[in-house]
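Each chain is listed here by its residues.
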Amino acid sequence: MLEIINESACGSGATKVKTPLLLQQDYTPAFALDFMLKDLNLAKKKVLTPQ
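These figures come from a predicted structure and were not determined experimentally.

Q: Can you lay out the overall build of the protein chain for me, pointing to particular residues and giving the numbers?
A: Secondary structure assignment for the protein chain yields three helices and zero strands. Ordered by position in the sequence, the α and β elements of the protein chain form the string α-α-α. Viewed in the frame of its principal axes, the protein chain has a C-alpha envelope of about 45 × 25 × 15 Å. Relative to its full complement of 51 residues, the protein chain shows a buried share of 4%. Within the structure as shown, the protein chain displays about 4900 Å² of accessible surface, and the carbon and sulfur contribution to it stands at 66%. Charged side chains in the protein chain number 6 positive and 5 negative. The centres of these two groups are separated by 15 Å.

Written out as structure tokens, the structure reads:
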């Protein structure tokens, strides 16, 4: 399934990098939660700010 995704329009650099790790069942975090929280707060601020 991952090979199909990687070779289709849905594939991306991220899916191609993550595929070997997923196949090895390596779920080591690669993105700090602090950065995710920052991004979510930016998105929330954008949605709640009147245009």
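Still to come is the rest of the account.
Q: Describe in detail the packing of aromatic side chains, supporting the description with residues and values.
A: The tally for this structure, following the rule as stated, stands at one aromatic pair. Between F31 and F35 the ring centres are 6.2 Å apart and the planes differ by 55 degrees, which places this aromatic pair in the tilted class. Owing to a relative accessible area of 48%, F35 belongs among the partly exposed residues under this scheme.

Q: So, the pattern of salt bridges: which residues are in play, and what are the values?
A: On inspection of all chains with the given rule, the structure shows one salt bridge. When the shortest N-O distance is used, the salt bridge between D39 and K38 registers 2.8 Å. Exposure remark for D39: the relative accessible area of 35% places this residue in the partly exposed category. Since its relative accessible area comes to 43%, K38 is described here as partly exposed.

Q: Can you break down the side chain of T19 residue by residue, with the values?
A: Here T19 lies in helix α2 (residues 13–23). Overall, T19 belongs to the buried group, its relative accessible area being 10%.

Definitions and cut-offs
Residues numbered from 1 in each chain as written. Predicted model: local features only at pLDDT ≥ 70, side-chain atom pairs only at ≥ 80, totals over all residues. Heavy atoms only, no water. Helix = DSSP H or I, 4+ residues; strand = E, 2+ residues; numbered from the N terminus. Buried < 20%, exposed > 50% of the residue type's maximum accessible area, 1.4 Å probe, protein only. Areas by Shrake-Rupley, 256 points an atom, 1.4 Å probe, with all protein chains shown as cover. Lys, Arg positive; Asp, Glu negative; His and termini not counted. Charge placed at Lys NZ, Arg CZ, Asp CG, Glu CD. Phe/Tyr/Trp six-rings, centres within 6.5 Å; stacked < 30°, edge-to-face > 60°. Salt bridge = Lys/Arg side-chain N within 4 Å of Asp/Glu carboxyl O.

The values are spatial; any link to function lies outside them.
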